[in-house]
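Spelled out, the chains give:
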Amino acid sequence: MLRFLTAGESHGRALVVILEGMPAGLPIDLDAITRELRRRQGGYGRGRRMAIESDRAEPISGIRAGETLGGPIALMIENRDWVNWQHTMRVTAEAPADAGGAHRPPVTRPRPGHADLAGGAKYRRTDLRDVLERASARETAARVAAGALARQLLAHVGVRIASHVFTIGSVSIADPASVTYEQAAALPDDSPLRCVDDGVSQRMIDVIDRARDAGDTVGGAFEIIATGVPIALGSYVQWDRKLDGRLAQAMMSIPAIKAVGIGAGPRVAELPGSRVHDEILPHAGDARATAIARPTNNAGGLEGGVTNGEDVRVSGYMKPISTLMKPLRSVDLATMTESPATIERSDVCAVPAAAVVGEAMVALVLADAVLERFGGDSIAALDQAMQASDAELRRRFRTGGEL
Ligand code: EPS
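Here we summarise the structure given alongside this text.

Scoring rules and cut-offs
Residues numbered from 1 in each chain as written. Predicted model: local features only at pLDDT ≥ 70, side-chain atom pairs only at ≥ 80, totals over all residues. Heavy atoms only, no water. Helix = DSSP H or I, 4+ residues; strand = E, 2+ residues; numbered from the N terminus. Rg over C-alpha atoms; globule rule 2.2 N^0.38 Å. Buried < 20%, exposed > 50% of the residue type's maximum accessible area, 1.4 Å probe, protein only. Areas by Shrake-Rupley, 256 points an atom, 1.4 Å probe, with all protein chains shown as cover. Lys, Arg positive; Asp, Glu negative; His and termini not counted. Charge placed at Lys NZ, Arg CZ, Asp CG, Glu CD. Pairing = 2+ DSSP bridges. Axes fitted to C-alpha atoms, helices over the stretch in contact; angles between N-to-C directions. Contact = heavy atoms within 4.5 Å. Expected span 1.5 Å × (residues − 1). Arc of directions from axis to C-beta. Core = buried A, V, L, I, M, F, W, Y, C linked by side-chain atoms within 4.5 Å.

The number of helices and strands found in the protein is 11 helices and 17 strands. Its C-alpha radius of gyration of 23 Å places the protein within 12% of the 22 Å reference for a compact globule of 403 residues. For the protein, the spread of C-alpha atoms along the three principal axes comes to 75 × 50 × 40 Å. Looking at the protein as a whole, 49% of its 403 residues are labelled buried. Approximately 19,300 Å² of the protein is accessible, and the part contributed by carbon and sulfur atoms is 53%. Considering the protein, the positive charge centre built from 47 side chains and the negative charge centre built from 50 side chains are found 3 Å apart.

Shown next, in the form of structure tokens:
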């Protein structure tokens, strides 16, 4: 229903995203897109590139007089750094006479952990810059712009999304599962770590400082919490319709993510069923149509690949950035001799930024699932379908009628 494609190299002219499937008639707040882009640029441990960029998405199509039209929405984010790369990143075979920036030598020493080696083999590129420019996490700016639009659709139907970082290297908060949506949402946009515990944040900063001083990098983990998610999104009837699977793929596609958890995640393997499964209790005071309460949410809002009305909780585990200032051993592919890996300007830690990208990816998947369930050529049609569904749920669950 909702799909998107991005284009752009890290040091090319711009990033572009086309988002298709947004219903017509949704008012769009362009400043909210800029705000999300700024959140992605922040976080303690980012490199010098983020001081150069001031990301802003320019709408090219699909929006008129402040509202979506139903057609593809194209957004462009200019790379400010491009002026310094015009020579290296030129489109034409020969560099124009006025091209800015130095001509950089080919990259031939792949970084362990990056796409350099495998990408060069796949696309038969000898200058690995041809790989790393597209494999760069810079591309996630375009996803965040698309995600900012998906969030506006979700906000219209009462779904809100926040994130928090719970691990940096060896430092973790005590009980990530106890962090509420409200706590995560209350984190200021310029929070250095996006961690809800100030004492732990300070220790996380120390870990990042130590890594930087050692010429090393550090990873971590974060969790996305979506609240107000309607019951019955996704389906259990076919493998590719399971919403937990779709969320996992979206999260795993974020650069450097090596594991994904839903709700209690890997901990479910260690605990007995009596401590994993979330009991189902009647709760007439609950404002939701189902009038049901779950005292715990180890399932992360998903049972059988279908939303159960609880908060959707998805965590992502990020490896350390693969550009090390004290490089690991590699091979110079030009001579096939051992040589230290390439050093590119990079970040020491980008976990807080990855959390913002995670929010965008979860927003895109949930918005897609909402449109799949309720239809959505227009906002008016979506509203009607959602109201009808709510009325039906109330009839069934509130009166104890047949299911
Ligand atoms: C990034 C931009 C990049 C890197 C980082 C993410 O900019 P540059 O390469 O010019 O410094 O800072 O990308 C990586 C660490 C990577 O390995 O791809 C961004 O906009 O997020």
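Turning next to the sheet that holds strand S2 (residues 14–20). Taken in spatial order, the 4 strands line up as S1-S2-S6-S3 in an open sheet, and their pairing is antiparallel. Looking at the sheet topology across the chains shown, the edges are occupied by strand S1 (3–7) and strand S3 (57–61). Geometrically, the sheet is characterised by an average inter-axis angle of 20° between neighbouring strands, direction not taken into account. Its contacts with the sheet place helix H5 (residues 140–156) against S1, S2, S3 and strand S6 (73–78), and it is angled at close to 35° to S2.

Once that is clear, we can look at the environment of His114. Relative to the helices and strands, His114 resides in the loop between S6 and helix H3 (116–123). Take His114: its relative accessible area is 24%, and that puts it in the partly exposed class. Placed 209 residues apart in sequence, His114 and Thr323 show a C-alpha to C-alpha distance of 7.8 Å.

A few words on helix H11 (residues 379–398). Since the α-helix packs 3.6 residues into each turn, any two residues three or four apart lie on the same face. A rise of 1.5 Å per residue sets the reference length of H11, with its 20 residues, at 28 Å; its end C-alpha atoms lie 27 Å apart and thus fit the reference within 8%. Within H11, the full set of buried residues consists of Ile379, Leu382, Met386, Ser389 and Leu393. Viewed along the axis of H11, the buried residues span an arc of 90°, placing them on a single side of the element. Exposed and facing more than 90 degrees away from the buried side of H11 are Gln384, Gln387 and Arg395. Buried residues in H11 make contact with H5 and helix H10 (351–374).

With that settled, the discussion passes to the nonpolar core. Ranked by internal contacts, the top residues of the largest apolar core, which has 80 residues, are Ile168, Phe222, Leu366 and Leu382. A per-element tally of this core places H10 first, with 16 residues. If we skip the residues at most four places from it in the chain, Leu366 touches Leu154, Val159, Ile161, Ala226, Val229, Leu233 and Leu243.

Among the secondary structure elements, Val144 is positioned in helix H5. A residue is classified by how much of its surface remains accessible, and Val144, at 2% relative accessible area, is buried. Here the alpha-carbon distance between Val144 and Ala363, two residues 219 residues apart in the chain, equals 9.6 Å. Ignoring any residue separated from it by four or fewer positions in sequence, one finds Val144 in contact with Glu36, Leu37, Arg40, Val356, Val357 and Ala360.

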